[in-house]
Amino acid sequence: MYDFLIIGSGLYGAVFAHEAKKRGKKVLVIDKRNNIAGNIYTEKIEGINFHKYGAHIFHTNNKEVWKYVNQFATFNRFTNSPVANYKGELYSMPFNMYTFNKMWGVVTPEEAKAKIEEQKKEITGEPQNLEEQAISLIGRDIYEKLVKGYTEKQWGRDCKELPAFIIKRLPVRLTFDNNYFDALYQGIPIGGYTKMVENMLDGIEIRLGIDYLEHKEELDKLAEKVVYTGPIDAYFDYKLGALEYRSVRFENEVLDIPNYQGNAAVNYTDRETPWTRIIEHKWFEFGKDEAGNDLPKTIISKEYSSEWKLGDEPYYPVNDKKNSDLYKLYKMLAENEKNVFFGGRLGEYKYYDMDSIIESALLVCKKVLD
Ligand code: FAD
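Residues numbered from 1 in each chain as written. Predicted model: local features only at pLDDT ≥ 70, side-chain atom pairs only at ≥ 80, totals over all residues. Heavy atoms only, no water.

Caption draft 1: Region of interest: the pairing of strand β12 (residues 265-268). The alternating pattern of β12 places A265 and N267 and V266 and Y268 on opposite faces, both of which are buried. The sheet contact formed by strand β6 (residues 83-86) and β12 spans three bridges and is parallel. Considered in β12, the bridge of V83 is made with V266. Inspection of the sheet shows β12 paired to strand β13 (residues 277-280) by three bridges, in the antiparallel sense. Across the sheet, the residue bridging to A265 is I279, located in β13. (Buried < 20%, exposed > 50% of the residue type's maximum accessible area, 1.4 Å probe, protein only. Helix = DSSP H or I, 4+ residues; strand = E, 2+ residues; numbered from the N terminus. Pairing = 2+ DSSP bridges.)

Here is the structure:
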């Protein structure tokens, strides 16, 4: 008999499993996929750690979380500095002095600030939609070239039809700092995320390719308690209806050239290019293998924002009223399930960055295991 049956070998399940084992508990981890690591899974192709379910960059301000993950991997010095491509014009993505210089030819922070202030004046009253909100924050030129098309592709709707609250802030930097994240610590685990999760699950029994919900009755008999990190609505057989997600579709290509775009992420900010961005995976690790050799090929992923339907890979929860209300009802049902703990991005129907997943799993471990 196991103390814990953990459904899902993603980051949440792996942290819980590691902590339970550390405290002497007997643990079994199962996953319906044939690989561990959930959405942070990386696969080695042509020597490149390919981020199969979307590019993942670890970043945090939490020193404890940083110390925690560093037990399982050494992180490289990758710093996220996306580039925007607007019809062939390239801009720095956190809006900064490089962006303003390219956009207007301004040289000093004072000139840049004056230009933004002048353009912001276009909007006088309370912004009525996303377009007006964005212009009131950064002015028309940056909105037109760097925000509009990208946002419309992401949401599949015109910015004038989107509510203003979606964009609360658009950080403007009057410096030459190209570091996208405002985080004390960031990087990519050397050797890939799968290796990191493998280290977390060291010595723990794992069974892959098993869907818990298809074998629930027999699996439940194996353990005292269950930690479930799959979709909460699926657990209850969608009896109150399906929660909605936004999805992303990836088109991946291996190219027989060493360098496609010279950067890990290039956002396509015009409306006409159908993809939102292209990820070139090798640049997360500076184009080299672990021995420091240059890699001859490259892998790119074009990302398309897509509507989600039941059966598709769920990516981003939709945090509107309808779905939040439905989640609350499922949560009430979940609270009545004896000896089952719901956690993680699908179990809690919540967008979590990796550092928040670790924080949240450790908090539950304290409650459940100590
Ligand atoms: P998951 O990784 O989804 O793990 C859940 C596991 O449960 C899966 O392996 C699944 O197969 C399994 N499972 C589900 N149902 C069943 C079942 N019935 N039976 C058996 N197994 C089941 N965070 C960052 O910090 N930085 C980033 O750059 C970043 N980029 C992202 C990009 C994208 C496109 C997305 C969608 C997310 C990104 N995130 C990023 C967030 C990050 O992916 C999550 O924080 C993390 O993966 C969540 O881990 P989890 O264990 O909760 O879920």
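The structure having been displayed, the exposition proceeds.
Caption draft 2: Quick peek at the environment of F236. Considering the arrangement of structural elements, one finds F236 in the loop between α9 (232-235) and β11 (245-255). Using a relative accessible area of 9% as the deciding quantity, one classes F236 as buried. Separated by 62 residues in sequence, F236 and L174 have C-alpha atoms that sit 50 Å apart. Not counting residues up to four positions away in its chain, the partners in contact with F236 are Y330, L333, A334, E337 and F342. (Contact = heavy atoms within 4.5 Å.)

Caption draft 3: Structural detail: a nonpolar patch on the surface. A contiguous nonpolar patch, built from L240, L329 and M332 and spanning about 280 Å² of accessible area, is present on the exposed surface. Tracing the chain through its elements places L240 in the loop between α9 and β11. (Patch = residues over 30% accessible without salt bridge, like charges linked within 9 Å, V, L, I, M, F, W, Y side chains within 5 Å. Areas by Shrake-Rupley, 256 points an atom, 1.4 Å probe, with all protein chains shown as cover. Salt bridge = Lys/Arg side-chain N within 4 Å of Asp/Glu carboxyl O.)

Caption draft 4: Focus on the site of the ligand. Taken together, 32 residues are adjacent to the ligand, and D31, H56, I57, Y352 and M354 come closest. K32 is positioned with one of its backbone polar atoms (N or O) 3.1 Å from a nitrogen atom of the ligand. Here an oxygen atom of the ligand and a side-chain polar atom of R345 are 2.8 Å apart. Burial of the ligand by the surrounding chains reaches 96%, relative to a free accessible area of 1,000 Å². When contributions to the shell around the ligand are tallied by element, the ones reaching two or more residues are α1 (11-22), α11 (344-347) and α12 (354-369). Of the residues in the shell around the ligand, the class split is 18 nonpolar, eight polar and six charged. (Near = heavy atom within 4 Å. Polar contact = N/O pair within 3.5 Å; in protein donor to acceptor, adjacent residues only side chain to side chain. Nonpolar A, V, L, I, M, F, W, Y, C, P; charged D, E, K, R; others polar.)

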